[in-house]
Amino acid sequence: MASDEGMLTDGQWKKLEVATLKNAENLSSSPKSHPLFADLNIKSPTGGKGPVAGFPFRHVRRSHSGKHIRVKKEGAGGKGTWGKLLDTDLDCFLDKNDPNYDSGEGAYDELVDSPVSDPLDDYKKAVVSIIEEYFTTGDVKVAASDLRELGSSEYHPYFTKRLVSMAMDRHDKEKEMASVLLSALYADVILPDQIRDGFIRLLRSVDDLAVDIPDAVNVLALFIARAIVDEILPPVFLARSKKNLPVSSKGFQVIVTAEKSYLSAPHHAELVERKWGGSTHTTVEETKKKISEILKEYVENGDTYEACRCIRELGVTFFHHEVVKRALVLAMESQAAEPLILRLLNEAAEEGLISSSQMVKGFNRVAESLDDLALDIPSARKLFDSIVPKAISGGWLDDSFKVNSDQDGRESSQDDKLRQYKKDTVNIIQEYFLSDDIPELIRSLEDLATPEYNPVFLKKLITLALDKKNREKEMASVLLSSLHMELFSTEDFINGFIMLLESAEDTALDIMDASNELALFLARAVIDDVLAPLNLEEISTKLPPKSTGTETVRSARSLISARHAGERLLRSWGGGSGWIVEDAKDKILKLLEEYEMGGVTSEACQCIRDLGMPFFNHEVVKKALVMAMEKKNDGLLNLLEECFGEGLITMNQMTKGFGRVKDSLDDLSLDIPNAREKLELYVGRAMDNGWILPEFAMSDE
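Description of the structure in this document.

Thresholds applied
Residues numbered from 1 in each chain as written. Predicted model: local features only at pLDDT ≥ 70, side-chain atom pairs only at ≥ 80, totals over all residues. Heavy atoms only, no water. Helix = DSSP H or I, 4+ residues; strand = E, 2+ residues; numbered from the N terminus. Expected span 1.5 Å × (residues − 1). Buried < 20%, exposed > 50% of the residue type's maximum accessible area, 1.4 Å probe, protein only. Core = buried A, V, L, I, M, F, W, Y, C linked by side-chain atoms within 4.5 Å. Contact = heavy atoms within 4.5 Å. Patch = residues over 30% accessible without salt bridge, like charges linked within 9 Å, V, L, I, M, F, W, Y side chains within 5 Å. Areas by Shrake-Rupley, 256 points an atom, 1.4 Å probe, with all protein chains shown as cover. Salt bridge = Lys/Arg side-chain N within 4 Å of Asp/Glu carboxyl O. Lys, Arg positive; Asp, Glu negative; His and termini not counted. Charge placed at Lys NZ, Arg CZ, Asp CG, Glu CD. Arc of directions from axis to C-beta. Axes fitted to C-alpha atoms, helices over the stretch in contact; angles between N-to-C directions. Parallel < 35°, antiparallel > 145°, perpendicular 65-115°, else oblique. Left-handed = near helix turned anticlockwise from the far one by under 90°. Nonpolar A, V, L, I, M, F, W, Y, C, P; charged D, E, K, R; others polar.

Details of helix α24 (residues 490–502)
Between the first and last C-alpha of α24 there are 18 Å, a value that for 13 residues agrees with the 18 Å anticipated at 1.5 Å per step. Along α24, the residues classified as buried are Asp-492, Phe-493, Ile-494, Gly-496, Phe-497, Ile-498, Leu-500 and Leu-501.

Examining the nonpolar core
Counting 59 residues, the largest nonpolar core has Leu-147, Phe-159, Met-168, Phe-199, Leu-220, Phe-223 and Ile-224 as its most contacted members. Per element, the largest residue contribution to this core is twelve residues, and it comes from helix α9 (residues 216–229). Each residue touching Phe-159, except ones within four places of it in the same chain, is listed here: Tyr-123, Val-127, Ile-131, Leu-147, Leu-181, Leu-185 and Ile-190. Formed by 54 residues, the second largest nonpolar core is a distinct cluster that contains Leu-458, Leu-461, Leu-464 and Leu-501.

A word on a negative patch on the surface
Together, Glu-293, Glu-297, Glu-300 and Asp-303 give the surface a local cluster of negative charge. Structurally, Asp-303 can be placed in the loop between α13 (284–301) and α14 (304–314).

A closer look at helix α21 (residues 438–448)
By the burial criterion, the buried members of α21 are Ile-438, Leu-441, Ile-442, Ser-444 and Leu-445. The buried residues of α21 all sit within an arc of 160° when viewed along its axis, so they share a single face. Looking one or two residues beyond α21, the residue adopting positive phi is Ala-449, at roughly 55°.

Notes on the pattern of salt bridges
As enumerated under the stated definition, the model contains 26 salt bridges in all. Of the charged contacts in the structure, one is a salt bridge between Glu-351 and Arg-312, with a shortest N-O distance of 2.6 Å. With Glu-351 in the loop between α16 (338–350) and α17 (356–368) and Arg-312 in helix α14, this residue pair connects regions lying 39 residues apart in the sequence. When its relative accessible area of 33% is taken as the criterion, Arg-312 is described as partly exposed. Arg-326 is the salt-bridge partner of Glu-322, the closest N and O atoms lying 2.5 Å from each other.

Considering the packing of helix α26 (residues 514–527) against helix α28 (residues 548–561)
Look at α26 against α28: their axes get within 8 Å of each other, and the N-to-C directions meet at 50°. Between α26 and α28, the interaxial angle falls into the category oblique. At the point where α26 passes α28, the crossing takes the right-handed sense. Within the contact between the two elements, α26 uses Ser-515, Leu-518, Ala-519, Leu-520, Leu-522, Ala-523 and Val-526 and α28 uses Thr-548, Thr-552, Val-553, Ser-555, Ala-556, Leu-559 and Ile-560. Taken together, the residues of the contact of α26 with α28 sort by class into ten nonpolar, four polar and no charged.

Following this line, the structure appears as structure tokens:
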């Protein structure tokens, strides 16, 4: 702590006192050389009778001539005085040749003059200058170079925060420039975790930012949405941040705004990227298209210099792994193009155009998709295995890269069988997406006679649906429900979803919103009774902790626990048969009325099946029970018994339907006075036949 006597610390005062006392004997003969103890020799100008009125003692000094002199308040100046305490006049200096010189006399100067530097303060000042210059010039390369030269990489989260906060208070041009710079610095200069930490700091400080920037919540939400679209923040960032922020905070509002206003709209990626004009940025899909065009043109003309120039002009250093991936696939598709592709990648690596981390990432992506590539390129694995050693020997691929090929380079007959199965199932799934013929698909799977690969089919089905429109996603969910009743076991579904979630991070590289879409598929499977809620816990325990997969399971749980979850999940993809919920209710009412008037049980069951909405079968149960009360026709329960016996309506849906009737008893009793007695009778029958869960109770407790 600083001393009350000045700006020096207690330690500095002690050192100063030691340095001064060491020279006390040498300095005692000269009053000027002993300013610290000058007050000890001062006498009252009245001869010891106390200070004269109007002349405070501390402001009076006696000169050598004996005259009384009024000096300055701070103790300096005045003829014949000694000047300020610790006065350091510029003309005064230590002379080492002085016979009375003592090295201890320099202790004070060394103490006071030594600068105290804070590396973070220096970093903050430097990055402000870098950011200001970037906003003026727009030169991404210079900004990246300056940041590298600055060093102190451990402070890069602050750079992320500072860049965004400065841009938030400027025009759309600077906001767009800030987003582009973050994308360019991602992975090569600033680590992904540092980008994330920077945005976390912004979320925590948005309350302060809002004081000077009225629309801070909306602007920061757009920055976060843009970062997710640009793939420098994972979509799971939103869910994780919400858990760590108070619901009442503006940071929480930012996340909600990003989710609902920017990332949930149709074609949200294009809308977000063009929100600030988008003059300096292109969409991910456009970038992929440009990369393909550059590579195809290069294969035709062989101009390596021109190809490198075009790749450089894309300005997407963080996305160069896509260049590597597409180049390798092109080399495997055409062996004539392989030497050219290898030369291009070699040149790009030597120039530093494609970093080693991006090169390895591109090779890893190809290695992980070899099974799928083999459907179109039968010798894909063999070709890839031959390219890797060439890349390593050429020095442009890290020699630590390992090919995840079969042990000892052997491809067993089991692998051939699996590869053929994948090829067959892709054709089956594509045909289903065109025909919407579930019975035909089931027959095709039965013909394959490989039930051990059922989880593989599930993974392939959802992976293909993820890259298509909502119609195909809805068809995939409807198909899962049908397969659950006809062909697949619960264990098949669990293992299939585990396989999907284990590769969620890789899937997200090609499908931007993969994590959210997988959460929807998982939640829909639970609501459709394909999986039980407890199965989610089982799936989660088999995934690495804090992985994208576990976060996806957590998101699925949130979707399931929401109010009216079934209806909302149906609407997320448009509905299995294109109906809205009200239309489905009308259909259910009509089929029950027809059955009550003497319809055939098998036809009624088929109508329920044709609805294609197993997660909504609790509505069938509810309306059947209410109609039985109103019409005094307990024969409607025979339909429920048949549906339960066929597995058409599950125990969960049956229990949910009974529960909904129980919850509405007060209203029902207005029209049906004996509603409670009737329901108790129906519950007893359901319990006896095992339709509903044993814990179901009629009591209100």
